[in-house]
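Summary of the model geometry
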Amino acid sequence: MDKIKVAIIGPGNIGSDLMYKIMRSKYMEMALMVGIKESEGTKRAEGLGIPVTINGIQDLLGHKDIKIVFEATSAAAHAANAPLLHEAGMFAIDLTPAAVGPYMVPVVNLDKLLQMDTDNINLVTCGGQATIPLVYAVTRVAGGEYGEIVSCISSKSAGVGTRANIDEFTETTAKAIEVVGGADRGKAIIILNPAEPPLMMTNTVYVKIKDKNCEFKKIEDSVLDIVSQVQKYVPGYKLKVPPILDGDKVTVSVEVEGQGDFLPKYSGNLDIINAAAVQAGDRIAARMLGKGE
Amino acid sequence: MGKRIYVADTTLRDGSHSIAHTYSIEQVKRIGQALDEAGVDLIEISHGDGIAGSSYNYGFQKTDEYELYSAAASVVKNAKLGILLLPGIGTIEDLKKAAACGVNAVRVATHITEADISAQHIKFAKSINMFVTGFLMLAHMSTPEAISEQAKLMESYGADYINIADSAGHMLPEQVAAVIKAVKAAVAIPVGFHAHNNLGLATGNTLAAIDAGATWVDGTIGGLGAGAGNTQTEVLAAVLSLRGYETNLNLYKLLDLDEQEVEPLKNHPQVIDSTSLMLGYAGVYSSFLLHVKRAAEKFKQDPRDILVELGRRGMIGGQEDMIIDVAYQLSKK
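Source: prediction; values computed, not measured. In this numbering scheme, every chain counts its residues from 1 along its sequence in written order. Each chain takes a letter, starting from A, and each ligand takes a number, starting from 1, following the order in which they are written. With the structure being a predicted model, the display of local features is reserved for residues of pLDDT at least 70 and the display and counting of side-chain atom pairs for 80 or more, all residues being used for whole-chain, interface and lining totals.

1. Looking at the nonpolar core
One recurring pattern in soluble globular proteins is that nonpolar side chains are buried together. Only buried residues count toward a nonpolar core: Ala, Val, Leu, Ile, Met, Phe, Trp, Tyr and Cys, linked into one set through C-beta atoms within 7 Å. Comment: burial labels come from other C-beta atoms within 10 Å of the residue's own C-beta, placed from the backbone, where a count of 20 or more is buried, 12 or fewer is exposed, and between is partly exposed. Within the largest apolar cluster, 217 residues are counted, with the highest numbers of intra-cluster contacts made by Val6(A), Val69(A), Leu136(B), Ile164(B) and Ile180(B). The element contributing the most residues to this core is helix α10 (residues 268-288) of chain A, with ten residues. Whether two residues are in contact is decided by their C-beta atoms, placed from the backbone, lying within 7 Å. Setting aside chain neighbours within four positions, we find Val69(A) in contact with Val6(A), Ala7(A), Ile9(A), Leu60(A), Leu85(A), Met90(A) and Ala92(A). Numbering of helices and strands runs from the N terminus; a helix is a DSSP stretch of H or I covering at least four residues, while a strand is a stretch of E covering at least two.

2. What to know about helix α6 (residues 126-142) of chain A
Residues and elements named next belong to chain A. What a helix should span is 1.5 Å times the count of its residues minus one. Compared with an ideal rise of 1.5 Å per residue, which puts 17 residues at 24 Å, α6 spans 25 Å between its outermost C-alpha atoms and is within 8% of the ideal. What is called the bend at a residue is the angle between a pair of axes, fitted to the seven residues leading up to and ending at it and to the seven starting from it. At Ile132, α6 shows its maximal kink, close to 30°; a proline, Pro133, follows between one and four residues later. Positioned one or two residues after α6, Gly143 has a phi angle of 70°, which is positive.

3. Some thoughts on the interface of chain B and chain A
Contacts between the two partners involve 24 residues from chain B, matched on the other side by 27 residues from chain A. If one sorts the elements of the side of chain B that touches chain A by residue count, helix α14 (residues 321-331) of chain B sits on top with five residues.

4. Looking at the domain arrangement of chain B
Residue and element names in this part refer to chain B. Marked domain ranges trace back to an automatic or database domain assignment. According to the domain assignment, chain B contains domain 1 (6-265) and domain 2 (274-331). Using C-alpha coordinates to define each centre, domain 1 is positioned 24 Å away from domain 2. Between domain 1 and domain 2, the contact holds 23 residues from the first and 16 residues from the second. Ten residue types, Ala, Val, Leu, Ile, Met, Phe, Trp, Tyr, Cys and Pro, are classed as nonpolar, four, Asp, Glu, Lys and Arg, as charged, and the remainder, Gly among them, as polar. A class-by-class count of the residues in the side of domain 1 that touches domain 2 yields ten nonpolar, twelve polar and one charged.

5. Remarks on the sheet that holds strand β5 (residues 91-94) of chain A
For two strands to be treated as a pair, DSSP must find no fewer than two bridges joining them. Spatial ordering of the open sheet is given by β3-β2-β1-β4-β5-β6 (chain A), a layout of six strands whose pairing is parallel. Edge positions in the sheet fall to β3 (52-53) and β6 (120-122) of chain A, since each of these pairs with one other strand and no more.

6. Some points on the domain arrangement of chain A
Residues and elements named next belong to chain A. Domain assignment breaks chain A into domain 1 (4-123 + 273-288) and domain 2 (126-265). Computed over C-alpha atoms, the centres of domain 1 and domain 2 are 25 Å apart. If you list the elements that add at least two residues to the side of domain 1 that touches domain 2, you get α1 (13-23), α5 (106-115) and α10. Of the residues that constitute the side of domain 1 that touches domain 2, the class distribution is twelve nonpolar, five polar and two charged.

7. Regarding the packing of helix α6 (residues 144-157) of chain B against helix α7 (residues 173-186) of chain B
Residue and element names in this part refer to chain B. Where α6 contacts α7, the axes come no closer than 8 Å and their chain directions differ by 40°. With respect to α7, the axis of α6 lies oblique. Two packed elements cross with a definite hand, and for α6 against α7 that hand is right-handed. From α6, Pro144, Glu145, Ile147, Ser148, Ala151 and Lys152 reach across to α7, where they touch Ala178, Val179, Ala182, Val183 and Ala186. The class makeup of the residues in the contact of α6 with α7 is eight nonpolar, one polar and two charged. To obtain each axis, a line is fitted to C-alpha atoms, and for helices this fit is confined to the stretch in contact; angles are then taken between N-to-C directions over 0 to 180 degrees. Roughly parallel means an angle under 35 degrees; roughly antiparallel, over 145; roughly perpendicular, 65 to 115; everything else is oblique. The handedness criterion is simple: a crossing whose near helix is rotated anticlockwise from the far helix by less than a right angle is left-handed, and one whose near helix is rotated clockwise is right-handed.

8. A closer look at the environment of Val271(B)
Residue placement: Val271(B) occurs in the loop between α10 (251-262) and α11 (274-282). C-alpha of Val271(B) to C-alpha of Leu85(B): the two residues are 186 residues apart in sequence and 27 Å apart in space.

9. As for the packing of helix α12 (residues 288-298) of chain B against helix α13 (residues 303-313) of chain B
All names here are of chain B. Contact pair α12 / α13: the axes reach a minimum separation of 9 Å and the direction vectors enclose 125°. With respect to their mutual orientation, α12 and α13 come out oblique. The crossing of α12 and α13 is right-handed. Listed contacts from α13 to Phe288, Val292, Lys293, Ala295 and Ala296 of α12 are Pro303, Ile306, Leu307 and Leu310. Looking at the contact of α12 with α13 residue by residue, the class counts come to eight nonpolar, no polar and one charged.

10. Details of the pairing of strand β6 (residues 161-165) of chain B
All names here are of chain B. Across the five residues that make up β6, a large majority, five, are buried. Burial along β6 is two-sided: Tyr161, Asn163 and Ala165 and Ile162 and Ile164, pointing in opposite directions, are all buried. Looking at chain direction, strand β5 (residues 131-137) and β6 are connected through four bridges and run parallel. In the sheet register, Gly134 faces β6, and the bridge partner there is Ile162. By the criterion used throughout, a crossover qualifies as right-handed when its path from the first strand across the helix to the second strand runs clockwise, the strands pointing away from the viewer. The handedness of the β5 to β6 crossover, carried by α6, is right-handed. A crossover links β6 with its parallel partner strand β7 (residues 191-194), the connecting element being α7, and its sense is right-handed.

11. Some points on the sheet that holds β5(B)
All names here are of chain B. One closed barrel accounts for eight strands, arranged β1-β2-β3-β4-β5-β6-β7-β8; its pairing is parallel. Within the sheet, the average angular offset between the axes of one strand and its neighbour, ignoring direction, is 25°. Of the strand pairs in this sheet, β7 and strand β8 (residues 216-219) are connected by two bridges, and their pairing is parallel. Paired with Gly192 across the bridge in β8 is Trp216. Where helix α3 (residues 65-75) meets the sheet, its contacts fall on β1 (6-12), β2 (42-45) and β3 (80-85), and the angle it forms with β2 comes to roughly 160°.

12. Some details on unusual backbone geometry
Of note, the amide linkage connecting Glu196(A) to Pro197(A) takes the cis form, showing an omega dihedral of -10°. Structurally, Pro197(A) is set in the loop between β8 (185-193) and β9 (201-208). Located in the positive-phi region is His21(B), a residue other than glycine, with phi close to 60°. Position of His21(B) relative to the elements: it lies in the loop between α1 (14-18) and α2 (25-37). Positive phi is not limited to glycine here, since Asn129(B) has a value of about 60°. Tracing the backbone through its elements, the reader meets Asn129(B) in the loop between α5 (119-127) and β5.

13. Description of the pairing of strand β11 (residues 249-256) of chain A
Residue and element names in this part refer to chain A. Extensive coverage of β11 is indicated by the burial of six of its eight residues. Pairing between β9 and β11: eight bridges, direction antiparallel. Bridge pairing in β11 links Lys208 to Lys249. In this sheet, β11 lies alongside strand β10 (residues 237-246) in antiparallel orientation, the contact comprising seven bridges. In the sheet register, Leu245 faces β11, and the bridge partner there is Val250. Adjacent in sequence and paired antiparallel, β10 and β11 are bridged by two residues, among which Gly247 carries a positive phi angle near 65°.

14. A look at the environment of Leu192(A)
Residue and element names in this part refer to chain A. In this fold, Leu192 is placed in strand β8. On the neighbour-count criterion, Leu192 (25 C-beta atoms within 10 Å) is buried. Taking the C-alpha atoms as reference points, Leu192 and Ser154, 38 residues apart in sequence, are found 5.6 Å from one another.

Next comes the structure, spelled out in structure tokens:
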């Protein structure tokens with residue numbers, strides 16, 4: 001056995017993009033696409049020779065050889081599925097806002113979470129994946145009294161779920177700025193911009209630092225280090241405005257261009273959350289295989 | 001008497017932009033009470049960017065917003081007391097807290113093409129018996145047909161009226177008329193209009209909206225507001241009276257309020273200066289004005305260049321962070 005078998009629940013746009021990313025993985029093998037009815041997504045998977053079920057999670061639970069499951073459905077669906085996956089001994093990587101397990105941002109806390117006894121991790125939000133690394137980059141050297149992020153995504157890349165539950169984005173991201181980003185208080189703002197052609201995802205992070213004596217060079221270096229770490233799994237993650245210090249406020253902006261696996265390149269928001277999920281999946285799979293990465 | 005026109009005064013919300021969100025409890029009480037006594041139908045209060053707008057991105061509020069809502073609620077007896085809520089900034093949890101302070105109306109605002117992000121907020125507000133406005137911003141960036149579809153969505157969520165905002169003060173009277181006419185034909189609920197004066201057309205555009213079927217109009221005392229400011233509520237009182245429309249407005253009380261309370265608040269002339277004119281000309285969100293001036297100074301750029309680039313990039317309401325990006329990129333050229 002040289003690859004860990006994995007499944008995706010939810011053959012929509014996110015699930016399809018995830019599938020292409022997993023197909024490139026060294027440690028994971030796309031063993032099952034799980035839907036609840038025949039759809040473009042299930043046909044797409046079939047076309048690529050991937051086993052498909054349209055009978056939902058019950059079929060998945062019968063596949064004892066599947067060890068990791070990516071949940072790309074809705075918060076309600078994952079809340080219902082999580083205990084079943086746990087019982088079946090499957091590790092859940094949750095891309096919904098359900099947050100059954102702890103928030104995970106690869107460059108901040110993946111190592112720590114892997115040492116913990118958890119088999120369910122949550123991907124926060126797309127905006128969280130793009131901004132929390134930067135919040136953390138600042139707070140780890142200068143502390144953070146307050147962290148605020150503004151994410152702007154193209155209207156076309158915001159799915160029905162995001163649109164119908166936009167408060168989930170602001171509330172979840174704000175909480176993760178605190179829990180993962182290390183700021184005492186967090187605030188998140190999201191803007192949907194309809195410009196044509198669609199704009200790349202842009203993100204601005206503001207942090208009110210605690211240590212006013214912190215050498216600015218340390219903050220700059222920390223940010224550059226984190227940006228290069230994120231670039232390892234999201235090549236289109238670009239620093240747009242390098243850190244600016246204004247009193248005790250640090251401002252930094254990044255742009256996220258997607259890899260265009262299945263979704264268009266302007267959907268950097270969807271690319272980064274999927275890339276983060278696959279990054280985590282690879283690490284978990286490598287560990288199961290007894291390989292350090 | 002002519003038809004009844006309802007007036008929403010947003011001195012305590014849009015006006016907040018002009019004074020960098022520094023309203024105090026005492027100012028809110030005095031202005032709120034005077035507006036109520038002067039007969040406006042809806043008094044809007046909040047950070048300029050709506051509830052929970054207090055931030056690095058839009059500027060921090062000097063006084064806790066919920067204390068301001070409670071202060072306003074303690075003096076407003078007749079008018080509806082409303083806040084603005086932009087989904088993506090404010091949430092239902094924030095709205096619940098405002099309702100607990102005595103706020104009984106909300107205007108849920110989205111970009112002109114993004115009405116569907118307001119569904120949960122409008123439905124929730126109706127479920128607690130609030131008076132709810134579906135508020136569509138930056139109307140110049142879309143077409144009458146497409147705007148009508150967005151208005152219908154907000155109507156379907158339960159909005160009590162639809163307000164169309166020329167947030168950039170970019171529209172000409174005939175364009176305003178075309179949009180209002182189309183929306184009026186598409187929905188069964190009343191339609192309103194919110195103007196900015198960047199091209200000197202705020203009052204004229206408001207009249208064009210009324211002629212096209214609008215029955216709710218926005219104003220601020222002394223025109224206090226983002227960019228070159230809004231339609232002046234006291235001017236509306238005079239003009240609507242000359243037109244023979246029915247309102248509850250008392251012109252003298254509005255004039256007194258302006259002289260005694262609002263004029264002394266102004267820390268810069270509320271006029272069409274070159275930057276606000278350029279906002280209107282380039283079609284950029286009016287609340288960018290003071291942020292652009294600050295960024296221009298910090299990065300030593302011409303504010304007009306920043307505005308033109310923001311317009312070229314298609315930036316919309318709420319994207320104040322991109323002002324820094326544009327100024328930074330221009331400074332590197």
